[in-house]
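Report on the structure
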Amino acid sequence: MSRYLIGRIGQALLVLWGAYSITYFILYLLPGDTLSIMLSASGMEADALSVEDLAKARAYYGLDKGLFEQYVDLLLGALRGDFGQSLSLNRPVAELLAERLPQTLSLAGLAIVLSLLGGIGLAYLTAYIRWQPLKTALARLPSLGFSVPVFWMGLLLIQVFAFGLGWFPATGSRGLESLVLPAVTLAIPSAAVYAQVLQRSFQGVWKESYITTAYAKGLSRGQVQARHGFKNAALPILTLIGLQVGNTVSGAVLVETIFARSGIGRLAQEAVLRQDIPVVLAIVSVSAAAFVLVNLLVDLLYPWFDPRISHIPKVS
Amino acid sequence: MSVLVDVRQLSVSYRHGHTAVNRLSLNIAQGETVAIVGESGSGKSTLANAILGLLPDSAQITAGQLWVDSHDLTHASERQKRALRGRTIGLVPQDPTVSLNPTLRVGQQIAEALILARGKRYPGVDADIVELLQQVGIDTPVLRARQHPHELSGGMRQRVLIAIALAGNPRLIIADEPTSALDVTVQRKILDHLQRLVSERGISLLIITHDLGVAADRADRILVMQHGEVVEQGTPGRILGAPQHDYTRALIAAAPAFAKRREPLPRIDSTQAPILSLKNVGKTFALPKVKGEESTFVALEDLNLQVYPGQTLAIVGESGSGKSTALRIALGLEKPTQGQVWFEQQDVTHLNWRDFRPLRQRLQLVQQNPFAALDPRFTVFDSIVEPLVSFGRLKGAALEQAARELINRVHLPVSYLDRLPRELSGGQCQRVAIARALALKPDLLLLDEPVSALDVSVQARILELLEELQREMGIAYVLVSHDLSVVANFAHEVLVLRNGRVIEHGSVERIFSHPGCEYTRELIAAIPGRHVTTQAA
């Protein structure tokens, strides 16, 4: 087990390093002079500077060193938690992240919880209901859920619950109330995917022989579904959760823009527009870390859900 | 004796109009063992589900009455039916490998049934689980109760299922096809055990099977079912001794145990060179490293065999005996660790994939599960001609002509060429698989349990077809089977494998008349129906 764990953590670190490196090389090798991009990001024109000033600026940003030397410097800095200085905001990137991260984490966390509750709840209900018209209607709901674009859903929710009913604030990032609408918006597509997969999965599980065995014991439909159906049907969801977390990060960019929240997603959007390379690099690293961490957790949870999967070498 | 199950003129129809059970009457007394025999589609499973109150939503009782323990099930509510399940009627389902919940421990699954029968948190659940496991013949019950189903063998899972059925202390146990998923020897032991438990407790037993041999061995009374009706019923002696109905006679003819031993098959002189020979073949698999355990597993050891043109060699053994490994080595899909494989005059042991490919035209495989062996998206035509296309043999009209000839060869109508596998029965699928294997006119067919997934009567017809093909085309067969009864009238030579070693090798006649070792005798004894035939003799 510990051997497996060490292997997996090693793998996770490798993925992180890969994500960081690829992002670095893409950003720094993009056509255009890195120095002039950086200068314009901090509000100066490269053309207006003298040759000496340019050389000074180059040395300041560390651009006078070779490509790999710069890369190693940045990587070592990142390992120590120092992501450099934001060009446009003129503050340490680490400080920016620390300020914005809680906003996004609470949004994403609530969205993940809501999507799991909504998606699994809907599928569970669909599987339990026997009245065919309602069952069919519920089974169609998920495809509606992910065919509606996130931005439109956000605007719709603002229109109804903020402007119409006035229950929640339309924008801003203060307090729990402001979290509800963006989290719901972010949760709907993921919930739809979970519901769709789980509904299918339940359909398959109901045909399994062990369900007949369970019925023959004299268990009721509800008991059979809860004890024998659910855990088996839920196995595919676990993998999906790991993948959907990645979507939640990119969804956060959209949702935070719609609801004018100051989180990582918004920061990413601004940083990309202003070509603030250190900030973009840091955000990519952080979201890659989140993705890798969640998938590691999912893999570790698997044996608990499905005893047939074991991380201990098999003895036959 | 009181009547426990009383079925009067019962009809069950499916929503799309098919009547699965048609005006059927049946009663089972307390303590009696009754067997229902019929092919798949005869309605026997629908009847069992009706007695359990577990008909699918699409099926409905359209006429007649169904009384279980003086409760009228035709008008019973779900709650009333649920009260009968487990406590009055227990079920031992068909395939033990898929009938236990893979995510729950074995003990928990038994506990569920116990708690339902005796009420919540009654003391001594754990003790009762262990006792039940002991009763069904599991030797380390405390350990087993804590394990998950995948850690148990098929036979042990079947025993656990029997424990679950017994947990509710029922008055009737329905055993649905109890012999189809396991090795013959294991099946026999488990069924013997079940019957002993049942008779000790005075429980009635309803056996549902396609094999008249199984029914005759175990039942007090046999009902033969066809198209949803009982065509004949009586004691095993009467059914076997004086069958009234044509269908019963056909079933008797099909059951391998009742078939008369034929004249020995004509043998081809052994001066001929063998088409396939395995010389001192061994196979060792590496196991994941665990401290204090062996790092290798010997699947096959020192196997020698020769297959002669136009003859059949049968390899018999239970699961884990190495027979599939032998087949994979013969096919060149697996390289042996020791020894050599010769095809005619050529050593093919170390041929790479590309050099082996021309040989594949002469060496074909028919697999065990006909449904899984055909691509569900290919029509019968696509499946049959695929080997011809992949070797670029024929095109256009010639290809269609070849497909028509092949389908005629396996006695299917030409119109079936457009069908998809799901529109065919198991036997028909197996015929298609055979036609596909014949497409390249091979000299050697490797048959991996070709009939074990089929009803007995269908088995007989597939074996007949294979024999006819051998006679007309002179193909040699290697037949792998766990069931000696399949081999009895089909093979020339038999090789009995156990734990990777050959323990007996000889002609069919010798193996059956003078079995050399205890294990072979056990295999012969496990053939269902022998009980009755030997008694009669």
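Residue positions are given per chain, counted from 1 along the sequence in the order it is written. Ligands are numbered from 1 and chains lettered from A, in the order in which they are written. Local features in this predicted model are restricted to residues whose pLDDT is 70 or higher, and side-chain atom pairs enter the listing and the counts only when it is 80 or higher, whereas totals over whole chains, interfaces and linings include all residues. Only hydrogens and water are set aside; all other atoms, that is, all heavy atoms of the structure, feed into the side-chain values.

**Some points on the overall build of chain B**
We count it as follows: Think of it this way: any DSSP run of H or I at least four residues long counts as a helix, any run of E at least two long counts as a strand, and we number them from the N terminus. We compute the radius of gyration from the C-alpha atoms alone; for a globule the expected value is 2.2 Å times N to the 0.38, where N is the number of residues. Burial classification: accessible surface area is computed with a 1.4 Å probe over protein chains only, and a residue below 20% of its type maximum counts as buried, one above 50% as exposed, and the rest as partly exposed. Where accessible areas are quoted, they stem from the Shrake-Rupley method and a 1.4 Å probe; at the residue level, only the protein chains shown are allowed to cover. By the counting rule applied here, Lys and Arg register as positive and Asp and Glu as negative, while His and the ends of each chain are not counted. Every charge is mapped onto a representative atom, which is NZ of Lys, CZ of Arg, CG of Asp or CD of Glu.
When you go through chain B residue by residue, the secondary structure sums to 21 helices and 20 strands. Whereas a compact globule of 537 residues would reach a radius of gyration of roughly 24 Å, chain B reaches 25 Å, a difference of no more than 12%. Dimensions of chain B along its principal axes, counting C-alpha atoms only, are 70 × 60 × 50 Å. Considering chain B as a whole, with its 537 residues, one finds that 55% of them fall into the buried category. On chain B, roughly 23500 Å² of surface is accessible, and the fraction owed to carbon and sulfur atoms is 49%. A distance of 3 Å separates the average location of the 58 positive side-chain charges in chain B from that of its 57 negative side-chain charges.

**A closer look at the interface of chain A and chain B**
Keep this limit in mind: Residue contacts are defined here by distance: any two heavy atoms, one from each residue, within 4.5 Å place the two residues in contact. The term buried area denotes the loss of accessible surface (1.4 Å probe radius) that occurs when two parts are joined, taken as the sum for both partners. Any carboxyl oxygen of Asp or Glu that lies within 4 Å of a side-chain nitrogen of Lys or Arg is treated as forming a salt bridge with it. Between N or O atoms, a polar contact is any pair within 3.5 Å; within protein, one atom must be a potential hydrogen donor and the other a potential acceptor, and residues adjacent in sequence are included only when both atoms are from side chains. For this classification, the nonpolar set comprises Ala, Val, Leu, Ile, Met, Phe, Trp, Tyr, Cys and Pro, the charged set comprises Asp, Glu, Lys and Arg, and every other residue, Gly included, is treated as polar.
At the interface, 23 residues of chain A touch 29 residues of chain B. With both sides pooled, the region where chain A packs onto chain B buries about 2400 Å², and carbon together with sulfur makes up 59% of that total. On the chain A side of the contact with chain B, Ala216, Lys217 and Pro307 of chain A bury the most area, a combined 25% of that side's loss. In this assembly, chain A and chain B are joined by 3 salt bridges. When the shortest N-O distance is used, the salt bridge between Glu112 of chain B and Arg227 of chain A registers 3.1 Å. One can count 13 residue pairs in polar contact (both at pLDDT 80 or more) joining chain A with chain B. Only helix H9 (209–217) and helix H10 (221–233) of chain A provide two or more residues apiece to the side of chain A that touches chain B. Split by residue class, the side of chain A that touches chain B holds 8 nonpolar, 9 polar and 6 charged.

**Let's talk about the domain arrangement of chain B**
One frequent convention defines the size of an interface as the accessible area lost when the parts assemble. Residues and elements named next belong to chain B. Test applied: A domain assignment, automatic or from a database, supplies the domain bounds used here.
Each assigned domain of chain B is listed here: domain 1 (98–169), domain 2 (274–362 + 443–537) and domain 3 (365–441). A C-alpha centroid distance of 25 Å is found between domain 2 and domain 3. In this assembly, 25 residues from domain 2 lie in contact with 20 residues from domain 3. Both sides together, the interface formed by domain 2 and domain 3 hides about 2000 Å², and carbon and sulfur atoms give 63% of it. With a closest N to O distance of 2.2 Å, Arg409 and Glu472 form a salt bridge. Where domain 2 touches domain 3, the interface holds 9 residue pairs in polar contact (both at pLDDT 80 or more). Elements with a minimum of two residues in the side of domain 2 that touches domain 3: helix H12 (353–360), strand S17 (444–448) and helix H17 (456–473).

**Considerations on the packing of aromatic side chains**
Definition in use: Centre distance within 6.5 Å is the pairing criterion for rings of Phe, Tyr and Trp, where only the six-membered ring of Trp is used; planes under 30 degrees apart are then read as stacked, over 60 as edge-to-face, and the remainder as tilted. Only lysine NZ and arginine CZ atoms are considered, and such an atom sits over a ring when it is within 6 Å of the ring centre and within 35 degrees of the ring normal.
Counted under the stated rule, the structure contains 8 aromatic pairs over all chains. Note on Tyr124 of chain A and Phe230 of chain A: the rings are 5.7 Å apart at their centroids and 70° apart in plane angle, and the pair reads as edge-to-face. Pair noted here: Tyr124 of chain A is in helix H5 (residues 93–128) and Phe230 of chain A is in helix H10, with a separation of 106 residues, a long-range link. With centroids separated by 5.7 Å and ring planes inclined at 45°, the aromatic side chains of Phe161 of chain A and Trp167 of chain A adopt a geometry described as tilted. Chaining the aromatic ring pairs together yields one cluster made of Tyr124, Phe202, Trp206 and Phe230 of chain A. Over the ring of Trp206 of chain A we find Arg221 of chain A, and its NZ or CZ is 5.1 Å from the ring centre. It is Lys279 of chain B that lies over the ring of Trp342 of chain B; its NZ or CZ is 4.3 Å from the centre.

**A word on helix H16 (residues 426–438) of chain B**
All names here are of chain B. How we decide: Expected helix span is given by 1.5 Å per residue-to-residue step, counting one fewer step than there are residues.
Across its 13 residues, H16 extends 18 Å between first and last C-alpha, which sits within 8% of the 18 Å expected from 1.5 Å per residue. Of all 13 residues in H16, 12 are buried, a share of seventy percent or more. Burial in H16 covers these residues: Gly426, Gly427, Cys429, Gln430, Arg431, Val432, Ala433, Ile434, Ala435, Arg436, Ala437 and Leu438. In this fold, the buried residues of H16 make contact with strand S16 (363–366), helix H13 (370–373), helix H14 (380–390), helix H15 (396–409), S17 and H17.

**Regarding the sheet that holds strand S12 (residues 296–307) of chain B**
Residues and elements named next belong to chain B. We apply this condition: Being paired, for any two strands, means DSSP has found at least two bridges between them. Orientation is described by axes fitted as lines to C-alpha atoms, over the contacting stretch for helices, and by angles from 0 to 180 degrees between their N-to-C directions.
Taken in spatial order, the 4 strands of this open sheet run S12-S11-S14-S15, and their pairing is antiparallel. Both outer strands of the open sheet, S12 and strand S15 (346–347), are each paired with one neighbouring strand and no more. With 8 bridges joining them, strand S11 (residues 276–286) and S12 adopt antiparallel strand pairing. Its bridge partner being in S12, Ala286 is matched across the sheet by Thr296. On top of the sheet, helix H11 (residues 323–330) reaches S11, S12 and strand S14 (338–343); it is set at about 120° to S11, its chief contact.

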